[in-house]
Amino acid sequence: MTDLNDIAVFVKVAQFESFSRAARSLGMPVSTVSRKVSALEDQLGVTLIQRTTRKLTLTLQGRAYYSQCSEPLSHLFDAEQVLTQTQKQPEGLLKISVPVLMGQEPFYAFLSAFLKRHPRIEVDLFITNLFVDLIAENVDVGIRFGELRDSTIVTQRIGKSVRYVVAAPDYLEGRTAPEKPENLKDHQCILLNGRNNEAEWHLVNGRKSLKQHVSGPLSSRDFQSVAAFTYRGHGIGLLPSTYCDEQIKRGELIRLLPDWSSPEIFVHAVYPTRRYLPAKLLVFLDELKAWKSPLWIPLR
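Values in this document were obtained by computation on a predicted structure and should not be read as measured data.

## A few points about the sheet that holds strand S3 (residues 92-98)
Turning to step 1, where the next piece is worked out: Ordered by their spatial adjacency, six strands build an open sheet running S4-S3-S5-S13-S6-S14, and the pairing between neighbours is mixed. Both edges of this open sheet fall to strand S4 (121-127) and strand S14 (297-298), since each of them pairs with a single strand only.
Turning to step 2, where the next piece is worked out: When strand S6 (residues 154-161) meets S14, the two strands line up antiparallel, connected through two bridges. Paired with Gly159 across the bridge in S14 is Pro298.
Turning to step 3, where the next piece is worked out: In this fold helix H9 (residues 279-290) packs onto S3, S4, strand S5 (141-145), S6, strand S13 (265-271) and S14, with an angle of close to 40° to the strand it touches most, S3.

## Some words on the confidence of the model for the protein
Turning to step 1, where the next piece is worked out: With 95% of its residues at a pLDDT of at least 70, the protein reaches an overall mean of 90.
Turning to step 2, where the next piece is worked out: The secondary-structure element of the protein with the lowest mean pLDDT is helix H4 (residues 60-88), recorded at 74, while strand S12 (residues 254-255) shows the highest, at 98.

## Section: unusual backbone geometry
Turning to step 1, where the next piece is worked out: Here the phi dihedral of Asn193 falls at roughly 55°; this positive angle occurs in a residue that is not glycine.
Turning to step 2, where the next piece is worked out: The residue Asn193 is located in the loop between strand S8 (188-192) and strand S9 (198-205) in this model.
Turning to step 3, where the next piece is worked out: On the accessibility criterion, Asn193 (43% relative accessible area) is partly exposed.
Turning to step 4, where the next piece is worked out: Even without being a glycine, Asn197 presents a positive backbone phi close to 55°.

Analysis parameters
- Residues numbered from 1 in each chain as written.
- Predicted model: local features only at pLDDT ≥ 70, side-chain atom pairs only at ≥ 80, totals over all residues.
- Heavy atoms only, no water.
- Pairing = 2+ DSSP bridges.
- Helix = DSSP H or I, 4+ residues; strand = E, 2+ residues; numbered from the N terminus.
- Contact = heavy atoms within 4.5 Å.
- Axes fitted to C-alpha atoms, helices over the stretch in contact; angles between N-to-C directions.
- pLDDT = per-residue confidence, 0-100.
- Buried < 20%, exposed > 50% of the residue type's maximum accessible area, 1.4 Å probe, protein only.

Spelled out as structure tokens, the structure:
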């Protein structure tokens, strides 16, 4: 197969009608330019350039070959420049996958500010709890909580979350606060992703670990609504620390079973490859790591 680099060198020589000027333009020795043109002629089995001590002239076949090659080669270089520009400048379509619990106002506000800062970037947003194959769906980046199922993707840890057992004073009025995790089964609980308004809470205390069955009057797919109904006294919630630290300080929530919490849950940005990351993805990752999300604590 003909070497595209040899064709590019020939086209440059034909344009300048000089080996030396073509060599200066290409930043290579004259001998290399001459050798590449000779290699192309050998590959094609024709003489493209007549060489004399004073000048060079394109043969009839050389002119025909040049006229056929120069424009497609120019288009190829233009395409390469477009790709290079896209890699360097934050622009183009960015496909993002996030779980349902992120489909709320705080993330929308973050994404809105990001788009305003980078008006040449467009976003295609997938909000789903279904597993998304980044490569098959051509997704640039996903945000995932907890254990990662796909070991072939690149991961970047961006935060962590720990959840506390909490309740509003109104809920506890007239009730006995749970003294051990097993007591939770006797209480109303506000659930995340419950099934038939039942769920299993994984709690840890040092090396102790248990899963406690709980049930309650309301189940939701996002923490904002779980937090809202916990704040309003409808039951006990298992909330991220970012949703309850300030409320505990102000006395609006009471932390129950203070020796127990959820295990640490790590949050990752995941993407298909670490090679040749486009600028649009790099700026998104940088801003995502700096974002003060209500769903996780940023890593320092």
